[in-house]
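Letter by letter, the chains look like this.
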Amino acid sequence: MHSRFHYAFAQLAENLQSALTPILADEHFPALLTAEQVAVLQKATGLDEDALAFALLPLAAACARADLSHFNVGAIARGVSGTWYFGGNMEFIGATMQQTVHAEQSAISHAWLRGEKSLQAITVNYTPCGHCRQFMNELNSGLTLRINLPGRAPHTLKDYLPDAFGPKDLEIKTLLMDDQDHGYILEGDALAQAAITAANRSHMPYSKSPSGVALECRDGTIFSGSYAENAAFNPTLPPLQGALNLLSLNGYDYPDIQRAILAERADAPLIQWDATAATLRALGCQSLDRVLLS
């Protein structure tokens, strides 16, 4: 079990601990639970899905990297596939506040980058901020997404975001988590191809600026992130943050990053290069290359 889970795990009920032990045994537990694993945990604990998600929130919060605020927020996104995806807030010493990833963004992008098609619900240990409510409104589940908070009855995103402004107001038809393939040809080595593949999946209906980042760890494992724009612009999630989020959720640390590649168009209205390079430098990674999409 990864050391980050030790304290939270010790606080769980004994029957939940027993059922989780084999699941968490891998140092690189992927911070998700398959539908089958969820069913095993429900049977062991007698908890319904909502209660089980609340019980697991301390483990999601343990995934947070709150190096600035020291305030861990955890989220669990529940996909229509039955898979549950953990998320935690991420903050980066030496980078700007704008590079921060909120817990809801972490769980949602985790699900999206794993290939989840839509979300049924998201469980969070603290009330979503306005930034996150707006980010969630970009999803194809839209205002019907159920939000579960401790001590409160479930509500939909529509309840938390009245008079919402979102992609439909701008006549955007393809939403976050819908299938997208922008058709750029794969080339180069495995890392370059992973970055291009991520760029092909990016959600960028406002700027038309596809981008993807791939990170290679010292053991050869590759994590990639796709760009995810938002109708309100500021809640947009850069591709590097998507990749760093997956890397961290899988139990790797920033010093594990050996090499990074950004894929983007040279003539795009928005360029990710400078921000990507600055954030990676702050994390100790100096090896960044760029593949130009054509």
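Residues numbered from 1 in each chain as written. Predicted model: local features only at pLDDT ≥ 70, side-chain atom pairs only at ≥ 80, totals over all residues. Heavy atoms only, no water.

Looking at an unreviewed UniProt entry, one finds the protein named Cytidine deaminase, with Trabulsiella guamensis ATCC 49490 as its source organism. Its UniProt record, at the heading Function (unreviewed entry), says of the protein: "This enzyme scavenges exogenous and endogenous cytidine and 2'-deoxycytidine for UMP synthesis." Looking at the protein in UniProt, the text filed under Sequence similarities (unreviewed entry) is "Belongs to the cytidine and deoxycytidylate deaminase family." (UniProt positions renumbered as here; feature names shortened; annotations may be inferred.)

**Student:** Would you mind going over the nonpolar core with me for this structure?
**Tutor:** Across soluble globular proteins, you tend to see nonpolar side chains buried next to one another. Counting 50 residues, the largest nonpolar core has Leu119, Ile122, Met136, Leu139, Leu215, Leu244 and Leu247 as its most contacted members. Looking at which domains feed residues into this core, each of domain 1 (26-170) and domain 2 (190-292) supplies at least three. Residues in contact with Leu244, not counting those within four places in the same chain, are Met90, Phe92, Leu215, Tyr254, Ile257 and Leu283. In terms of nonpolar packing, the next biggest core, distinct from the first, is built from 26 residues, Leu33, Leu57, Leu59 and Leu249 among them. (Core = buried A, V, L, I, M, F, W, Y, C linked by side-chain atoms within 4.5 Å. Buried < 20%, exposed > 50% of the residue type's maximum accessible area, 1.4 Å probe, protein only. Domains from an automatic or database assignment. Contact = heavy atoms within 4.5 Å.)

**Student:** What's the story with the UniProt feature "domain: CMP/dCMP-type deaminase" (unreviewed entry) in the protein in this structure? I'm lost.
**Tutor:** Mapped onto the present numbering, the UniProt feature "domain: CMP/dCMP-type deaminase" (unreviewed entry) falls on residues 48-168 and 186-294. The annotated region residues 48-168 carries 29% helix and 18% strand content, and the separation between its end C-alpha atoms amounts to 34 Å. Secondary structure content for residues 186-294 is 29% helix and 23% strand, and the end C-alpha separation is 10 Å. (Helix = DSSP H or I, 4+ residues; strand = E, 2+ residues; numbered from the N terminus.)

**Student:** Just to check I follow, could you spell out the pairing of strand 2 (residues 74-79) for this structure?
**Tutor:** Strand 2 sits mainly inside the fold: six of its six residues count as buried. Here strand 2 shows a buried face lined by Gly74, Ile76 and Arg78 and a second buried face lined by Ala75, Ala77 and Gly79. Here strand 2 pairs with strand 3 (residues 84-88) via five bridges, running antiparallel. Note on strand 3: the bridge partner recorded for Ala75 is Gly87. The turn linking strand 2 back onto strand 3 is made up of four residues, and Gly82 within it adopts a positive phi angle of 100°. Pairing between strand 2 and strand 4 (residues 119-124): five bridges, direction antiparallel. (Pairing = 2+ DSSP bridges.)

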